[in-house]
Every structure is written in C-alpha cells, then in structure tokens.
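An overview of the molecular structure
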Amino acid sequence: MATGINAESVAAEFLQHANEEQGHADLIAQRIVQLKVEPNFNPDGLLMRSHAEYVEGNSLIDMIKEDLVAERIAIDSYRDMINYFGNDDPTSRRMLEGILAMEEEHADDLVSLLEKMG
Ligand SMILES: [Fe+2]
Ligand SMILES: [Fe+2]
C-alpha cells in the first residue's frame, strides 16, 4: 500500500522487516518444539494473543508510525521474556536477546525513515 516518492524504499524496508519477523516466529517455534511443547499456530485467537494491535495507516507516514509503535511493543515484550528466563534457560534467553537486537534495529530503521521524510 506504500505510495509516493518514498514508496519504494519504504516498501523494501517493510518487506525486509516482515521476512525477519517470519524468521523470529520460526526460531521461537523451533525452540518450543525443542522443549517438547507444541507451538500454537492456530490463527483463531492470534489477534487475542497478540501484544500489538493491527492499525491501518492512511498515509505512508502513518503506516511507519504504527509500525514503530508495534516494534516498540515487541522490544518491551522481548525484554520481559528475557527477564523471565533469566538464568533458568540460557539457550532461550540468548535466542530472545538476538531477536531483541533485531527489533531494536527495526525501530531504528523506522525512526530514520521518519526523519528522512520530515
Ligand atoms: Fe520480530
Ligand atoms: Fe521487528
């Protein structure tokens, strides 16, 4: 839905982030399976379990701002999970720390895009 002169670079950034988010979901699902639990892939209730809400932006800037809100929620959620694991499960904690670093990059990318677009 990205249109306007900045559309192409923003769409490329969104696509890269979306692919990385998919990678995070896969990593987490793999770890859950390793821990001998079944990951919950049921789309029913996905919205209810989601930490961030889905908001449609009317403009490119709105879309980036909404995305930034969601990235910041993700950052807080991963921080909480990292604290929760502490030293009880260092493997899960390290995985989440890697994901957290990437979410921080996503948020940075979006802030830079907003700055570029004024
Ligand atoms: Fe992610
Ligand atoms: Fe992200």
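First, a word on scope: everything that follows refers to the structure included in this document. (Residues numbered from 1 in each chain as written. Chains lettered and ligands numbered in written order. Predicted model: local features only at pLDDT ≥ 70, side-chain atom pairs only at ≥ 80, totals over all residues. Heavy atoms only, no water.)

1. A short note on helix α3 (residues 60-85)
The end-to-end C-alpha separation of α3 is 37 Å, in line with the 38 Å expected for 26 residues at 1.5 Å each. Those residues of α3 lying buried are Leu60, Met63, Ile64, Leu68, Glu71, Ala74, Ile75, Ser77, Tyr78 and Ile82. Looking at the buried positions of α3, the neighbouring elements they touch are α1 (7-34) and α4 (90-116). One or two residues past the end of α3 sits Gly86, with phi positive at roughly 50 degrees. (Helix = DSSP H or I, 4+ residues; strand = E, 2+ residues; numbered from the N terminus. Expected span 1.5 Å × (residues − 1). Buried < 20%, exposed > 50% of the residue type's maximum accessible area, 1.4 Å probe, protein only. Contact = heavy atoms within 4.5 Å.)

2. Focus on the coordination of the iron ion (ligand 1)
Protein-derived coordination of the iron ion (ligand 1) comes from Glu21 (OE), His24 (ND1) and Glu103 (OE), at a distance range of 1.8 to 2.1 Å. Motif for the iron ion (ligand 1), donor spacing along one chain: E-x2-H-x78-E. Note on His24: relative accessible area 4%, which makes it buried. (Donors = N, O, S within 2.8 Å, 3.2 Å for Na, K, Ca; no water.)

3. Section: the packing of α3 against α4
Across the interface, α3 lies against α4 with an axial gap of 9 Å and an inter-helix angle of 160 degrees. Looking at the two axes, α3 sits roughly antiparallel to α4. Classified by chirality, the crossing of α4 by α3 is left-handed. Its residues assigned to classes, the contact of α3 with α4 comprises 17 nonpolar, 2 polar and 9 charged. (Axes fitted to C-alpha atoms, helices over the stretch in contact; angles between N-to-C directions. Parallel < 35°, antiparallel > 145°, perpendicular 65-115°, else oblique. Left-handed = near helix turned anticlockwise from the far one by under 90°. Nonpolar A, V, L, I, M, F, W, Y, C, P; charged D, E, K, R; others polar.)

4. Observations concerning the coordination of the iron ion (ligand 2)
At 1.9 to 2.7 Å from the iron ion (ligand 2) lie its protein donor atoms, namely Glu21 (OE), Glu71 (OE), Glu71 (OE), Glu103 (OE) and His106 (ND1). We note that the donor set of the iron ion (ligand 2) lies within a single chain, spaced as E-x49-E-x31-E-x2-H. Here the iron ion (ligand 1) and the iron ion (ligand 2) are spaced 4.0 Å from one another, each receiving a donor from Glu21. Of this pair, Glu103 and His106 both sit in helix α4, 3 residues apart, roughly one helical turn. By relative accessible area, which is 1% here, Glu103 ends up buried. Given the relative accessible area of 0%, His106 is considered buried.

Functional significance is not addressed by these values, which are geometric in nature.
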